[in-house]
Amino acid sequence: MSKQALIYARVSTADGKQDYTRQTTELEALALKHGYKQKDIQTFAESVSGYKTEERLELKAMLELCEKNPSSIGCIYTSEISRIGRNPTQTRTILD
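None of these values were measured; they are calculated from a predicted model.

> Which residues make up the nonpolar core, and what are the values?
One finds Leu 6, Tyr 8, Phe 44, Leu 59, Met 62, Cys 66, Ile 73 and Ile 84 forming the largest nonpolar core, which totals eight residues. At the level of elements, strand E1 (4-11) and helix H2 (57-68) are the ones that each hand at least two residues to this core. Here the element with the most residues in this core is H2; it accounts for three residues. Excluding residues within four positions of it along the chain, Ile 84 makes contact with Tyr 8, Arg 56, Leu 59, Thr 78, Thr 91, Ile 94 and Leu 95. Counting residues in each nonpolar core, the second largest holds seven residues, with Ile 7, Ala 31, Tyr 36 and Ile 41 among its members.

> A description of the confidence of the model for the chain should follow, citing residues and the corresponding values.
With 95% of its residues at a pLDDT of at least 70, the chain reaches an overall mean of 90. Confidence scores differ between elements of the chain, with helix H4 (residues 88-95) showing the lowest mean pLDDT of 87 and strand E3 (residues 73-77) the highest of 97.

> Which residues make up the packing of aromatic side chains, and what are the values?
For the coordinates displayed, the defined rule picks out one aromatic pair. An angle of 90 degrees between the planes, with centres 6.3 Å apart, marks the rings of Tyr 36 and Tyr 77 as edge-to-face. Residue Tyr 36 is found in the loop between helix H1 (21-33) and strand E2 (41-47), and its partner Tyr 77 is found in strand E3; the two are separated by 41 residues along the sequence. An identical accessibility class is assigned to Tyr 36 and Tyr 77; each is buried.

> Could you give an account of the pattern of salt bridges, naming the residues involved and the relevant values?
The tally for this structure, following the rule as stated, stands at three salt bridges. For the salt bridge of Glu 26 with Arg 22, the shortest nitrogen-to-oxygen distance reads 3.2 Å. Taken as a pair, Glu 26 and Arg 22 lie in helix H1 at a separation of four residues, close to a single helical turn. Here Lys 39 makes a salt bridge to Asp 40, at a shortest N to O gap of 3.3 Å.

> How would you sum up the layout of surface pockets? Please name residues and give values.
A probe matching the size of a water molecule, rolled over the atoms, marks out where space remains unfilled. For the largest pocket, the calculated volume is near 210 Å³. Taken together, Met 62, Leu 63, Cys 66, Glu 67, Ile 76, Thr 78, Ile 81, Ile 84, Ile 94, Leu 95 and Asp 96 make up the full set of residues lining the largest pocket. Of all the secondary-structure elements, those providing two or more residues to the lining of the largest pocket are H2, helix H3 (81-84) and H4. Counting residues per element, the lining of the largest pocket draws most heavily on H2, which supplies four residues. Classifying every residue of the lining of the largest pocket gives eight nonpolar, one polar and two charged.

> So what's going on with the side chain of Glu 46? Which residues, and what values?
Relative to the assigned elements, Glu 46 resides in strand E2. Buried charge Glu 46 goes without a salt bridge, the closest partner of opposite sign being Arg 56 at 4.0 Å. Here the side chain of Glu 46 touches Tyr 8 through a polar contact of 2.5 Å, side chain to side chain. A polar contact of 2.9 Å, which involves the side chain of Glu 46, links it to the backbone nitrogen of Glu 58. With near-sequence residues (within four places) excluded, Glu 46 lies in contact with Tyr 8, Ala 9, Arg 10, Val 11, Tyr 20, Glu 55, Arg 56, Leu 57, Glu 58 and Leu 59.

Cut-offs used in this document
- For every chain, the first residue of the written sequence is number 1, and numbering continues from 1 onward in sequence order.
- Reporting of local features is limited, given that this is a predicted model, to residues whose pLDDT is at least 70; pairs of side-chain atoms are given and counted only at 80 or more, and all residues count toward the totals for whole chains, interfaces and linings.
- Water and hydrogen atoms were dropped before computing side-chain values, which therefore reflect all heavy atoms in the structure.
- For our purposes a nonpolar core is just a set of buried Ala, Val, Leu, Ile, Met, Phe, Trp, Tyr and Cys residues, chained together by side-chain atoms within 4.5 Å.
- The buried label goes to any residue with under 20% of its type's maximum accessible area, the exposed label to any with over 50%, and the partly exposed label to all in between, with areas taken from a 1.4 Å probe on protein chains only.
- Put simply, DSSP marks the helices as runs of H or I at least four residues long and the strands as runs of E at least two long, and each gets a number from the N terminus on.
- Contacts were defined at the residue level, with two residues in contact if any of their heavy atoms lie within 4.5 Å.
- In predicted models, pLDDT denotes the confidence assigned by the predictor to each residue on a 0 to 100 scale.
- Here the aromatic set is Phe, Tyr and Trp, taking the six-membered ring for Trp, and pairing holds for ring centres within 6.5 Å; pairs whose planes are under 30 degrees apart are stacked, those over 60 apart are edge-to-face, and all others are tilted.
- Any carboxyl oxygen of Asp or Glu within 4 Å of a side-chain nitrogen of Lys or Arg constitutes a salt bridge here.
- The rule is simple: put a 1 Å grid over the protein atoms alone, call a set of points where a 1.4 Å probe fits but cannot get out a cavity, call an open set with protein on both sides within 12 Å along at least five of seven lines a pocket, and count a residue as lining if it has an atom within 4 Å of a point.
- Grid points are joined across faces, edges and corners, and a volume is the space filled by probe spheres set on the points.
- Just so you know the grouping, Ala, Val, Leu, Ile, Met, Phe, Trp, Tyr, Cys and Pro go in nonpolar, Asp, Glu, Lys and Arg go in charged, and all remaining residues, Gly too, go in polar.
- Just so you know, the count uses Lys and Arg for positive and Asp and Glu for negative, and it drops His and the chain ends.
- By the criterion applied in these results, polar contacts are pairs of N or O atoms within 3.5 Å in which, for protein atoms, one can donate a hydrogen and the other can accept it, and in which residues neighboring in sequence qualify only through two side-chain atoms.

See below:
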């Protein structure tokens, strides 16, 4: 089985002023450059505040996938640490 590359993208608002397409496009290109095949790249993207951890369903789904079968994950890509979270304590917990 091939290792998967996971992409996590987030923007703060869903009002149409922000879009995560740039993030996902750039991160997918990077994963491909690093040797992952398109079929092995899975994207998790959402429009929700970085402070609202309980509302971040895509992040939760990605973390559950990682916990379920950690040996199947090769790399997680995100454009910057603030996409994971805005609260330093919560972000550190997620990263751990």
